[in-house]
Each structure stands twice: as C-alpha cells, then as structure tokens.
Amino acid sequence: MLSLPVLVFLYIRSLVHHHDEGFGKDIWVHFFIPIQALLFNLIPLIFDSNVEDLSKKLDYTNFFSLKVTFILMNIYYLTKAYNVFKINSKRIKEEYSYQAGIQFKWLSFFVLGYIVFIICFFGLSPNASPFVVYIPFLMISLYLYFQRFNQNSIELQLIDETFSKKEIQNGLPELKRKEILKNLVEFVEKNEIYLKKDLTIHDISKEININSSYISNVLNQDLKCNFVTFINTYRINKAKDILLSKEYSNYTIEAISELVGFNSKSSFNNAFKQISGITPSKFKKKNKEN
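Residues numbered from 1 in each chain as written. Predicted model: local features only at pLDDT ≥ 70, side-chain atom pairs only at ≥ 80, totals over all residues. Heavy atoms only, no water.

Caption draft 1: Up close: unusual backbone geometry. A positive phi is found at Asn209, a non-glycine position, where the angle reads about 55 degrees. Considering the arrangement of structural elements, one finds Asn209 in the loop between α9 (201–208) and α10 (212–222). We classify Asn209 as exposed; its relative accessible area is 69%. Unlike most non-glycine residues, Lys224 shows phi in positive territory, near 55 degrees. Positionally, Lys224 belongs in the loop between α10 and α11 (227–244). The exposure class assigned to Lys224 is exposed, which follows from its relative accessible area of 66%. (Helix = DSSP H or I, 4+ residues; strand = E, 2+ residues; numbered from the N terminus. Buried < 20%, exposed > 50% of the residue type's maximum accessible area, 1.4 Å probe, protein only.)

Spelled out as structure tokens, the structure:
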C-alpha cells in the first residue's frame, strides 16, 4: 500500500519522460519507505518464534503506517505529480506543433476516487479485514495499467543540447535574435514544414542547426507566442488559401485540416477560430458571399 502513491507519481511522470531508464537509483529511492516497511514485517517473522503474538503487534504497527505514513506519502507524491503535469503541460506547447496524445481528463475522476479511498482509512479499525485494503489496491493498480494503453507517451527535450543557460536567462542579444528569427522564418516558409503533422521544435532545430531553446526564446520574446501558435498561424493561412481555391472546392473541412497538418477536425476548428476569430465554415461562407 505504501508503494501506491509512488507508483501513481511514476506513472504520471512516465507520460512526459518516456526514457528507457530501467530501475535505477532515482527510481529505487522512492521505494525506500515501502521496502523498510516490508523488511520490518519480514525480519521479526524469521527470528521470533512467537508468530501469533508478533502478528498482532505488527497489525497495529501496520495500521499506524496506513493511518499516518500512507496519508503523508499521498500528500507528498500527489503534489509532485501535479507539479510534473503543470510544468510539462506548458512545455508540450513549446515543443510540439500538435496536441500530444496525453489525456489527463481521467485524472480528475481518478484523483477524486483516490482521495475518497484515502479518507476511508480514517474509519478503519486495526481488526478490519485485510481485503478492505487488498481489493481497492488491486482495482487501482489494474485501472492504471489499462489506462496506460490510452496514452501516447511523449518525450520532452528529445535531443541532448548544450547551450548557454545564462544567455537564455538574461535574453539573447538583439542581433542574434534577429538572425535566428530570419533563418527560422525562411526555412519554415520555403519548405512548408508546417504541413508535417507530427512536427516538433526539435525537427526544425536539427534542420537549421539552431538550438531549440534559442528558437523557443526568440518566439516568446520577439513574436510573443509559443511554438504551437507560430506553426498553426502558417497552417491557418494555408488553409484560408485552400478554402478559397476552386481546385479544392469539393474538399471537406476535415480533409483540408489534414492537408495543412492538423491531426483532427476539432483541433483545426479551434486553432482557426483562435487565430482568425471565426470557424473555417463561416470563413468560407463569408468569402463566397463577397
């Protein structure tokens, strides 16, 4: 049970840090308390002959662990999980040009049920059936396991880059920012790379040989936008040309959204309205009337 909050945290972290790390030191350190609790239960059983008397003592000790240690660990690890989600939700927009396939809506329902599950421990007595603990534990573990298949893991900071952190923090020199922006715009417009559905900032970074952190900094400072907005602006402008073209008059909105690099009609509609103020269908209708 003490390992459950750790597993919840590691699961959420794995969605945005999908590395083949294995069970290294940074993983095992989180299981220090659960392992200690396990050893505490095993060692006396090996060396003490009065197992029945010892079992009763352990029942009360483990009950205290669930009442206090388990609650504290949940507060700590759920807070860490929330911070990971909050920070990396912002970073996804800085590095990906599309909606990464991580759905966190289920987390609200999961956390609500999980909190109720934790609160229930306050009503337990030391003599309660162990199945009161085992069954919810099994259900939560299975839920997390099957939910994993509904997520598309992503990997932030895909390439190992070296750059001047001091420059990023203090702001890049004006001439350097202008040069980066010029190279970026020329490459994007010339190659129409914004039409690529799974485009990331690292794809462009490798092509123009400019650090992705520099690119992100220039977009934020000079254009006052993130990578998603920058790429979507090009996509929407391209979509407008297609919507007004007779060559594509028989194309559906969904087909046009795919042509300009969107993964779904809904994300295309949302981006179009955000940038243009109206939906693609209204834009097409309005310009036909004119």
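Caption draft 2: Looking closely at the environment of Phe9. Along the chain, the position of Phe9 falls in helix α1 (residues 4–16). Sequence separation of Phe9 and Val84 is 75 residues, and the distance between their C-alpha atoms is 8.9 Å. Not counting chain neighbours up to four residues away, the residues in contact with Phe9 comprise His30, Tyr77, Lys80, Ala81 and Val84. (Contact = heavy atoms within 4.5 Å.)

Caption draft 3: Examining the pattern of salt bridges more closely. On inspection of all chains with the given rule, the structure shows five salt bridges. Here Lys178 ties to Glu174 by a salt bridge, and the two come within 3.3 Å at their closest N and O atoms. Within this pair, Lys178 and its partner Glu174 are both found in helix α8 (residues 174–191), separated by four residues, close to a single helical turn. The partly exposed category is assigned to Lys178, whose relative accessible area is 49%. As a salt-bridge pair, Asp203 and Lys196 come within 3.4 Å of each other at their nearest N and O atoms. Classification of Asp203 as buried rests on a relative accessible area of 18%. (Salt bridge = Lys/Arg side-chain N within 4 Å of Asp/Glu carboxyl O.)

Caption draft 4: Molecular detail of α8. Taking 1.5 Å per residue, 18 residues should reach 26 Å; α8 reaches 26 Å between its end C-alpha atoms and fits that length. Burial in α8 covers these residues: Ile180, Leu181, Leu184, Phe187 and Val188. Mapping the buried residues of α8 onto a view down its axis gives an arc of 140 degrees, with all of them on the same face. Exposed residues lying more than 90 degrees from the buried face of α8 are Leu175, Glu179 and Lys190. Packed against the buried residues of α8 are α9, α10 and α11. Backbone geometry just after α8 places Glu192 at a positive phi near 50 degrees. (Expected span 1.5 Å × (residues − 1). Arc of directions from axis to C-beta.)

Caption draft 5: Region of interest: a nonpolar patch on the surface. Where nonpolar side chains cluster on the molecular surface, the patch consists of Trp28, Ile35, Leu39 and Ile43 and spans about 380 Å² of accessible area. Sorting elements by how many residues they give to the nonpolar patch places helix α3 (residues 32–47) first, with three residues. With respect to the element layout, Leu39 can be found in helix α3. (Patch = residues over 30% accessible without salt bridge, like charges linked within 9 Å, V, L, I, M, F, W, Y side chains within 5 Å. Areas by Shrake-Rupley, 256 points an atom, 1.4 Å probe, with all protein chains shown as cover.)

Caption draft 6: Highlighting the packing of α8 against α9. The N-to-C vectors of α8 and α9 enclose an angle of 105 degrees; their axes lie 11 Å apart at closest approach. It follows from the interaxial angle that α8 and α9 lie roughly perpendicular. The segment α8 lies against α9, with Asn183, Leu184, Phe187 and Val188 engaging Ile204, Glu207 and Ile208. (Axes fitted to C-alpha atoms, helices over the stretch in contact; angles between N-to-C directions. Parallel < 35°, antiparallel > 145°, perpendicular 65-115°, else oblique.)

Caption draft 7: Representation of the confidence of the model for the protein chain in the model. Mean pLDDT over the protein chain stands at 77; residues scoring 70 or higher make up 71%. Mean pLDDT values for the elements of the protein chain range from 53 in helix α7 (residues 165–170) up to 93 in α11. Within the model, pLDDT remains below 50 along residues 156–164, and this stretch shows 26 contacts once partners closer than five positions in the same chain are excluded. (pLDDT = per-residue confidence, 0-100.)

Caption draft 8: A look at the packing of aromatic side chains. Summed over the entire model, instances satisfying the criterion amount to nine aromatic pairs. Considering the side-chain rings of Phe9 and Tyr77, the 5.7 Å spacing of their centres and the 45 degrees angle between planes classify their relative orientation as tilted. On the criterion of sequence distance, the pair formed by Phe9 in helix α1 and Tyr77 in helix α4 (residues 51–95) is long-range, its members being 68 residues apart. Here the two residues Phe9 and Tyr77 agree in accessibility, since each one is buried. Ring pairing ties together the aromatic residues Phe262, Phe268, Phe272 and Phe283, which thus form one cluster. Positioned above the aromatic ring of Phe262 is the side chain of Arg235, whose terminal nitrogen or guanidinium carbon lies 5.4 Å from the ring centre. (Phe/Tyr/Trp six-rings, centres within 6.5 Å; stacked < 30°, edge-to-face > 60°. Lys NZ or Arg CZ within 6 Å of the ring centre and 35° of its normal.)

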